[in-house]
Amino acid sequence: MAADKYSAVMALQREHCSVRQFRDEAIEEDLLMSILESAQCAASSSFIQGYSIVRVTDRQARSTIAHAAGDQRWIEEAAEFFVLCADLLRTDHACRAAGLGALEGHTEHFLAAIIDTALFAQNVVLAAESVGLGGVFIGGIRNDPQCIADTLSLPRLVFPAFGLYLGWPTEPCESKPRLPLASILHSDRYDQNRIDDDLARYDTIMAEYYGARSSNQKQSNWTEQTAGTLQKKTRDHMLAFLQQQGFLLK
Ligand SMILES: Cc1cc2nc3c(=O)[nH]c(=O)nc-3n(C[C@H](O)[C@H](O)[C@H](O)COP(=O)(O)O)c2cc1C
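Heads up: these notes are all about the structure in this document. (Residues numbered from 1 in each chain as written. Predicted model: local features only at pLDDT ≥ 70, side-chain atom pairs only at ≥ 80, totals over all residues.)

1. Digging into the overall build of the chain
Piece 1. If you tally the helices and strands in the chain, you get 11 helices and 4 strands.
Piece 2. Computed over the C-alpha atoms, the radius of gyration of the chain is 20 Å, within 12% of the 18 Å expected from 2.2 N^0.38 for a compact globule of 250 residues.
Piece 3. Dimensions of the chain along its principal axes, counting C-alpha atoms only, are 55 × 50 × 40 Å.
Piece 4. Classification of the 250 residues of the chain by burial places 26% in the buried group.
Piece 5. Pairs at least 24 residues apart make up 79% of the contacts formed inside the chain by residues separated by at least 6 positions. (Helix = DSSP H or I, 4+ residues; strand = E, 2+ residues; numbered from the N terminus. Rg over C-alpha atoms; globule rule 2.2 N^0.38 Å. Buried ≥ 20, exposed ≤ 12 C-beta atoms within 10 Å, placed from the backbone. Contact = placed C-beta atoms within 7 Å.)

Listed below in structure tokens is the structure:
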């Protein structure tokens with residue numbers, strides 16, 4: 001597609017990359033609040049707005065979370081760090097207030113809250129990137145969700161889904177090639193016959209990218225990276241933690 005066919009938002013989306021090096025510079029409060037408020041305009045399942053965001057300013061709390069997330073030091077260094085939580089506590093209050101009884105831990109309700117959280121979170125990042133900020137989501141906090149819940153006093157029906165830090169990048173972005181559109185786009189019926197060929201083609205693209213990028217070059221491809229990462233990160237404590245928080249009971 002010719003560049004003039006992109007809207008400004010599409011061009012910005014195509015420039016996305018996760019940023020891990022920041023200038024030592026704060027984000028103005030008004031700007032930060034307008035990013036968060038704009039992001040709240042994301043669509044929401046049944047309009048439950050099933051998320052909360054905890055801004056972590058306390059240095060000790062940041063350090064505890066950075067350690068729990070696998071010693072990801074940028075959590076301590078970035079201008080802002082947030083924990084994005086799937087939150088059904090407000091909805092639970094609403095159900096009780098309306099005389100319809102407490103929520104009972106239905107899987108469907110958890111999914112709705114998680115989807116809302118992710119839509120809000122992506123909107124935060126897009127808004128932040130639109131003003132020149134950068135950041136990264138931090139799934140590493142799920143290594144020890146109990147530690148995160150204790151550190152941030154998260155009540156029942158609130159789940160720390162992932163972190164997000166934001167700051168002013170020091171370097172220009174280097175975006176990673178995504179799967180070719182044809183690999184994720186199906187027409188009328190899901191076509192599983194093409195998966196292996198698609199992956200072989202994408203592995204070639206990613207091997208080239210990993211070998212040529214400006215930092216952290218390596219000889220690898222998407223299949224190796226993804227398989228290695230996913231099979232290591234099973235986080236077997238997750239179901240018990242979620243159930244303790246009042247989710248996935250039905
Ligand atoms: C939910 C989620 C959790 C993530 N967790 C981490 C993390 O803990 N540490 C990290 O360095 N990057 C993390 N990432 C960033 C991904 O590694 C990154 O988005 C992916 O490699 C694609 O690269 P890009 O964002 O630069 O395009 C996370 C991304 C998402 C969406």
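2. Some points on the pairing of strand β2 (residues 80-87)
The two faces of a sheet get side chains in turn, since along a regular strand they alternate between them.
Piece 1. In terms of residue burial, β2 counts as a mostly covered element, since 7 of its 8 residues are buried.
Piece 2. Pairing geometry for strand β1 (residues 51-55) and β2, over 5 bridges, is antiparallel. What sits directly across from valine 54, in β2, is valine 83. (Pairing = 2+ DSSP bridges.)

3. Looking at the site of the ligand
Piece 1. Taken together, 13 residues sit near the ligand, with Cys17, Ser18, Phe137, Gly139 and Gly140 positioned nearest.
Piece 2. Broken down by element, the residue count for the shell around the ligand peaks at 3 residues, all from strand β3 (residues 134-138).
Piece 3. For the shell around the ligand, the class distribution of residues is 6 nonpolar, 6 polar and 1 charged. (Near = placed C-beta within 6 Å. Nonpolar A, V, L, I, M, F, W, Y, C, P; charged D, E, K, R; others polar.)

4. Details of the nonpolar core
Piece 1. Residues Leu84, Cys85 and Leu164 are the most contacted members of the largest nonpolar core, which totals 43 residues.
Piece 2. Of all the elements in the fold, those that place two or more residues in this core are α2 (29-39), α3 (59-68), β2, α6 (107-130), β3, α7 (145-152) and β4 (158-167).
Piece 3. When neighbours within four sequence positions are excluded, leucine 164 is seen to be in contact with Phe82, Leu84, Ala121, Val124, Gly135, Phe137 and Ile138. (Core = buried A, V, L, I, M, F, W, Y, C linked by C-beta atoms within 7 Å.)

5. Considering α3
Piece 1. Of all the positions in α3, only Thr64, Ile65, Ala66 and Ala68 are classed as buried.
Piece 2. Against the buried residues of α3 lie α4 (74-77), α7 and β4.
Piece 3. A positive backbone phi angle near 90 degrees is found at glycine 70, which sits one or two residues after α3.

6. Overview of α6
Piece 1. For α6, with 24 residues, the first-to-last C-alpha span of 35 Å sits near the 34 Å given by 1.5 Å per residue.
Piece 2. For α6, the set of buried residues is His109, Phe110, Ala113, Asp116, Thr117, Phe120, Ala121, Val124, Val125, Ala128 and Glu129.
Piece 3. Next to the buried residues of α6 lie α1 (8-14), α2, β1, β2, β3 and β4.
Piece 4. Remark: glycine 132 follows α6 within two positions and exhibits a positive phi of approximately 95 degrees. (Expected span 1.5 Å × (residues − 1).)

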